[in-house]
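# A closer look at the structure
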Amino acid sequence: MSDDEGKFDTILFAMAEQHPGGVPEMLATIAGFLNRKTDFFVGGEDCDWEKLVLKIFRNEANKAQEVARKKRQQREEEERRRQEVLRKKREEEEQSKTATITELTDEEAEQLQKELDAKKKKVSEPEPEPSSSGKDSEDKKAESDSEDIEPGDEGKLKPNRGNGCDLDNYKWTQTLQEIELRVPFDVKFTLKAKDVVVNIQRKTLKVGLKGHPPVIDGELHSEIKIEDSLWHLDKNTVVVTFEKINQMSWWERLVTTDPVINTRKINPESSKLSDLDGSTRSMVEKMMYDQRQKEMGLPTSDEQKKQEVLKKFMEQHPEMDFSKCKFN
């Protein structure tokens, strides 16, 4: 979208906020202005005005439908890739469970029999009285269960499958580029656009039913692009999508009043890296690689470079004694 297309957005947003009846009421205001202040309806041939309106609106509708189609394809592709990753993971787990049958030699068979006899003897012996060591082992197990929780992550929620959060009244998902929010309403009638309130601003968001307290009304985690924000009704669910301005970081919550999610547990496979420009993609891939290395207790890319430089220096200076040097 060019800058000229969006230069009146601020004025139009201000107008829209003054029309509680939604789009129909706003269009009626514009049509009334053209009737009272111009010869739009009578200045040409019969029905020329109607053809012009249809042409303009159909052109904009085609643009909107194309954007929605691309976003839908993107979500479907992300889901397909996620399912493929899960399928491969399940196959690997099944393969690891498959036992390999090998023929034992006489010596191996004799050793195996001794081990089985020893186990039988141990089972037949009476169990020792429980001691304080049992409690120690339980404590150690509890400590091992919480080893993956890093300092500062206590109390944070685990992200949902879409790298967002499932809350009582709504849920949201995210990629590095955009956010999708779904707000369901439990009503006994089919909702229409005029029944809901959706106000999207650069730093704030408001969603709710008219005449009722809003479900969401607060400051967003970060700024968004208003011109690329869309919302529609999926049955009785309001679906809002908007694009992040900062596409280099994950959101830890939708609005500042929400509970915080643990962004360390986010699955980056859900983000479509091919949509990023070259430099941004390289930086994100480096971040993902370093995160995986840390989880496995291995050096990051920067640490590997330092080790390579040090190794090269040591090879170039064999006369130097590095035995008493301590390296981090």
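Located above this text is the structure these notes cover.
Residues numbered from 1 in each chain as written. Predicted model: local features only at pLDDT ≥ 70, side-chain atom pairs only at ≥ 80, totals over all residues. Heavy atoms only, no water.

### Section: the overall build of the protein chain
A tally of regular secondary structure across the protein chain gives 7 helices and 8 strands. Looking at the protein chain as a whole, 20% of its 328 residues are labelled buried. Summed over all atoms, the accessible surface of the protein chain reaches about 24800 Å², with 53% contributed by carbon and sulfur. (Helix = DSSP H or I, 4+ residues; strand = E, 2+ residues; numbered from the N terminus. Buried < 20%, exposed > 50% of the residue type's maximum accessible area, 1.4 Å probe, protein only. Areas by Shrake-Rupley, 256 points an atom, 1.4 Å probe, with all protein chains shown as cover.)

### Let's talk about the sheet that holds strand S8 (residues 237–244)
If you trace the 5 strands from one edge of the open sheet to the other, you get S1-S2-S3-S8-S7, paired in antiparallel fashion. Pairing within the sheet leaves two strands with one partner each, and these edge strands are strand S1 (165–166) and strand S7 (224–234). Taken together, the 7 bridges between strand S3 (residues 178–184) and S8 define a ladder with antiparallel strand orientation. Opposite Pro184, over in S8, you have Thr237 as the bridge partner. (Pairing = 2+ DSSP bridges.)

### A look at unusual backbone geometry
Residue Asn163 is not a glycine yet carries a positive backbone phi of 65°. Position of Asn163 relative to the elements: it lies in the loop between helix H5 (132–145) and S1. For Asn163, a relative accessible area of 1% corresponds to the buried category. In this model, Lys235 sits at a positive phi of 60°, which is unusual for a non-glycine residue. With respect to the secondary-structure elements, Lys235 resides in the loop between S7 and S8. Overall, the relative accessible area of 72% leaves Lys235 in the exposed class.

Honestly, it's all geometry; don't read function into it.
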